[in-house]
Every structure is written in structure tokens, then in C-alpha cells.
Amino acid sequence: MTNFISLADVSDLDALIQSGRAAKANPFADQHLGKNKTIGLIFFNSSLRTRLSTQKAAQNLGMNVMVMNVGQDSWGLEMEEGVLMNGDKAEHVREAAAVIGRYCDVIGIRAFAELQDREKDYREQVMHQFAKYAKVPIVNLESATRHPLQSLADCITIDEAKTKPRPKVVLTWLPHFKPLPQAVANSFSEWMGARAQAGEVDFVMTHPKGYELAPEFVGNTPVIYDREEAFAGADFIYGKNWSSYSQYGQVLTQDPSWAVGMEDLALTDSGKFMHCLPVRRNLKVSDAVLDSPQSLVVEQAANREWSAQAVLKEILLSL
Ligand code: CP
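Residues numbered from 1 in each chain as written. Predicted model: local features only at pLDDT ≥ 70, side-chain atom pairs only at ≥ 80, totals over all residues. Heavy atoms only, no water.

**What to know about empty space enclosed by the protein**
- Counting across every chain of the model gives one cavity of 30 Å³ or more.
- Computed from the structure, the largest cavity encloses a volume of approximately 50 Å³.
- Around the largest cavity, the lining residues are Cys-155, Ile-158, Asp-159, Lys-162, Met-192, Arg-195, Glu-200 and Val-201.
- Among the secondary structure elements, those contributing two or more residues to the lining of the largest cavity are helix H6 (148-161) and helix H7 (183-197).
- Per-element accounting of the lining of the largest cavity gives the leading share, three residues, to H6.
- A class-by-class count of the residues in the lining of the largest cavity yields four nonpolar, no polar and four charged. (1 Å grid on protein atoms, 1.4 Å probe; cavity = no way out; pocket = protein on both sides within 12 Å on 5 of 7 lines; lining within 4 Å. Points joined across faces, edges and corners; volume = space filled by probe spheres on them. Helix = DSSP H or I, 4+ residues; strand = E, 2+ residues; numbered from the N terminus. Nonpolar A, V, L, I, M, F, W, Y, C, P; charged D, E, K, R; others polar.)

As C-alpha cells, this is what we get:
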């Protein structure tokens, strides 16, 4: 694996899931792999889980870790080519990525969608500019359109918690007053679509009309607009808010009936609730659900360490 930007960089998804589970069982088995190797974690946006779990995973593999918050710890970075840099960004990504690439063997980047210009966000400019100029492997720590380390942790969590060979997994939209990116939902849909194609899960999604994800992320996944119909017999309910793709970045509804409560879990087959976190309690999902034994949210976040470790191990083996 040279980069980990999307599912397309994964040659064997099942093997990667099992590698994450093996790391969880024996965290320090590969400590020799990262000796004298350095990872730089570059954040354009806030993070709790991604920042700490990726640091921990790298340390488990014996790597040195450097973390930088762009614009706070560093200069603001210009991404556009050929522009007159007379604004608030003091450094161009051409130099910044090239320099960071000289200090680091692997670079992780977090850069969210700005939700102003769909074409620009979906071009994934920051990820691709770093990959082009850093000349070392790039790990996506959540980009404008994808969050693959989260999706891998979600696959590990479902693999561990399933009680039948082909569980039913439902992605459901949740209400929120702020426009949020589509990255987690896109990525979960992409990865679960692959798991469904491999016969590992049955996967459907449900959301209000107007919240259809980009066609390349929906693929063959059935969209069921009636949420109660979608939840029937489910083994996993994966909740997430996202803003509209078609009316880009807009909040079209805040309908509170889309929040998940215990009455929704009652429609499932003792289904588990999943969310990538952070989550706003009682806005998107009730206290009762989050505090019930059916909630997997903390285990899911814990598995971020093992998803990062599986990915970094593959990258270290390729150096
Ligand atoms: N789920 C997730 O990526 O959490 P953070 O934004 O806190 O990193």
C-alpha cells in the first residue's frame, strides 16, 4: 500500500480487517517495523479520536510521531496553483508538503469539505496536492469526501459484533441544525457496498428525500425512504448526519423524528447502534440508546486504533 486515501488503495479488504483484529489482540507484535520511521499528522480541522488513535497506532508500531495544526501551529497554506499570494496564506503547499515529506516517512492529512463549492470539495485538492508534492505515502485522516480510517474501524466493529454470517446493516441520516460534510456517510456507503458485494452484509440506507449521496458512493445500495421499513430486522443501525449533496451543503430539514430512540431499536433484531462520534445527545440519538448495551459507539472509537495500525503496518511494509 503506497497511499491510503480511499477504498481503491486497499487490495484485500477482508485481510485488512483481520489485520486490525490481530493488532487488537497483540498490539506490540510489529514494533520493529516503525523503528527510525516518522509519521507527521497534519490537521486542518479539529479531532479527538483520529488524532489520538493514529498517534497510538504509530507508537505501537515503534514510529516517531509529529503533530501539526495548520494555521495555528504553522502558516496558513495556499493550495491553488499559479496564484498571487497576497491573501492570508503565507506558504504554498508545494514547499510545505515537500518540506514535511523530507522530515516524515508517512504523512496523515485531515482536511474537511468547506461545503461552498461541490466541484472543488469533490476534487480532493488538499489530499492530492500533498500526495503530489510530499512524495511519501499519504494517509487520509478524513478528507472532503471520505473518512476511510473510520470506515475500516466500522468494518472491524461489525465483524466483531455480528451474530449471524450476513447481518443487515442500515445507514440512517440523523437531524442536525448545522451543515455537516458527507464524508463519513460517503465512506461508510462505499465500504459497506464492497462488503455487501462480497456477501458479508446486507446493506441499505435511509434518509429524507433531498439527502441522496453522490451516485458513485450509493452504487447498488438500496435507498429506502421509509425509515421504519429500513430498520425492520436490522442488526446494525449506523447513524450520521450529512448536508445535501444535490443542494450542496444545505440543511433541508431538521425533522426530529429522524433522531434514533429506543423505539427505533425495537424494530430491529436486537440491533446495535453505531456512530463515528462526536455525537450531540438527544439531538441525533437519545441518551437511552447511547447508554444502552446496544450502543457500540465507544468500542467503535476504540477500534480506530486498530484500523490505523493495520493501515500503517501495510504502508511500513511497502517502504
Ligand atoms: N470519528 C472521528 O473521526 O472523530 P474525530 O473527529 O474526533 O477525530
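**Side note on the nonpolar core**
- One finds Phe-4, Leu-171 and Leu-312 to be the most contacted residues of the largest nonpolar core, which totals 51 residues.
- In terms of domain composition, this core takes at least three residues from each of domain 1 (7-146 + 302-318) and domain 2 (150-301).
- Among residues more than four places away in sequence, those in contact with Leu-312 are Ile-39, Thr-54, Ala-57, Ala-58, Leu-61, Met-63, Val-106 and Val-139.
- Counting 20 residues, the second largest nonpolar core, distinct from the first, contains Ile-42, Leu-77, Met-79 and Phe-130. (Core = buried A, V, L, I, M, F, W, Y, C linked by side-chain atoms within 4.5 Å. Buried < 20%, exposed > 50% of the residue type's maximum accessible area, 1.4 Å probe, protein only. Domains from an automatic or database assignment. Contact = heavy atoms within 4.5 Å.)

**Quick word on the pattern of salt bridges**
- Here the structure, examined in full by the defined rule, presents 21 salt bridges.
- Of the charged contacts in the structure, one is a salt bridge between Arg-195 and Asp-14, with a shortest N-O distance of 3.4 Å. In this pair, Arg-195 sits in helix H7 while Asp-14 sits in helix H1 (residues 13-25), placing the two residues 181 residues apart along the sequence.
- Asp-14 gets classed as partly exposed once you look at its relative accessible area, which sits at 34%.
- A salt bridge links Glu-200 to Lys-162; the shortest N-O distance between them is 3.9 Å. With Glu-200 in the loop between H7 and strand S8 (202-206) and Lys-162 in the loop between H6 and strand S7 (168-173), this residue pair connects regions lying 38 residues apart in the sequence. (Salt bridge = Lys/Arg side-chain N within 4 Å of Asp/Glu carboxyl O.)

**Thoughts on the pairing of strand S1 (residues 38-43)**
- The buried fraction of S1 is high, at six of six residues.
- Every second residue of S1 is oriented toward a common face, with Thr-38, Gly-40 and Ile-42 on one face and Ile-39, Leu-41 and Phe-43 on the other, all of them buried.
- Two elements, S1 and strand S2 (residues 64-69), share six bridges in a ladder whose sense is parallel. The residue bridging Phe-43 from the neighbouring strand is Asn-69, located in S2.
- For the crossover that starts at S1, traverses helix H2 (residues 49-60) and ends in the parallel S2, the hand is right-handed. (Pairing = 2+ DSSP bridges. Right-handed = clockwise from strand over helix to strand, strands pointing away.)

**Topic: the domain arrangement of the protein chain**
- For the protein chain, the assigned domains read domain 1 (7-146 + 302-318) and domain 2 (150-301).
- For domain 1 and domain 2, the distance between their C-alpha centroids amounts to 25 Å.
- Of the residues lining the interface, 30 residues belong to domain 1; the matching set on domain 2 comes to 35 residues.
- Overall, the association of domain 1 and domain 2 removes approximately 2700 Å² of surface from exposure, summing both partners, and the carbon and sulfur fraction of that is 59%.
- Considering only the surface of domain 1 that becomes buried against domain 2, Leu-115, Arg-118 and Tyr-122 emerge as the three largest contributors, covering 24% of it.
- In this structure, Arg-146 and Glu-190 form a salt bridge, with 2.9 Å as the shortest nitrogen-oxygen distance.
- Counting every contact that joins domain 1 to domain 2 gives 22 residue pairs in polar contact (both at pLDDT 80 or more).
- Those elements giving two or more residues to the side of domain 1 that touches domain 2 turn out to be H1, helix H4 (118-122) and helix H12 (297-318). (Buried area = accessible area lost by both parts, 1.4 Å probe. Polar contact = N/O pair within 3.5 Å; in protein donor to acceptor, adjacent residues only side chain to side chain.)

**Considerations on the sheet that holds strand S6 (residues 138-140)**
- Sheet architecture is open: four strands sit in the order S2-S1-S5-S6, paired in parallel fashion. Each end of this open sheet is capped by a strand with a single partner; those strands are S2 and S6. Each strand axis lies, on average, 20° off the axis of its neighbour in the sheet, ignoring direction. (Axes fitted to C-alpha atoms, helices over the stretch in contact; angles between N-to-C directions.)

**As for the side chain of Asn-241**
- Tracing the backbone through its elements, the reader meets Asn-241 in the loop between strand S9 (236-240) and helix H10 (262-265).
- In this structure Asn-241 comes out as buried when scored by relative accessible area, which is 2%.
- Within the local environment of Asn-241, its side chain forms a polar contact with the backbone oxygen of Leu-174, the two atoms lying 2.8 Å apart.
- With near-sequence residues (within four places) excluded, Asn-241 lies in contact with Trp-173, Leu-174, Pro-175, His-176, Lys-178, Leu-180, Pro-181 and Lys-284.

**Some words on the side chain of His-176**
- Mapped onto the secondary structure, His-176 falls in the loop between S7 and H7.
- Residue His-176 is classed as buried on the basis of its relative accessible area, which comes to 5%.
- A polar contact of 3.0 Å, which involves the side chain of His-176, links it to the backbone nitrogen of Lys-178.
- Side-chain polar atoms of His-176 contact the side chain of Arg-280, separated by 3.2 Å.

**Structural notes on helix H3 (residues 93-103)**
- Along H3, the residues classified as buried are Val-93, Ala-96, Ala-97, Ile-100 and Gly-101. Along the axis of H3, the buried positions cluster into a sector of 130°, meaning they face one direction only. The exposed set on the far side of H3, more than 90 degrees from its buried face, consists of Arg-102 and Tyr-103.
- Close packing links the buried residues of H3 with S1, S2, strand S3 (77-78), strand S4 (91-92), strand S5 (106-110) and helix H5 (125-134). (Arc of directions from axis to C-beta.)

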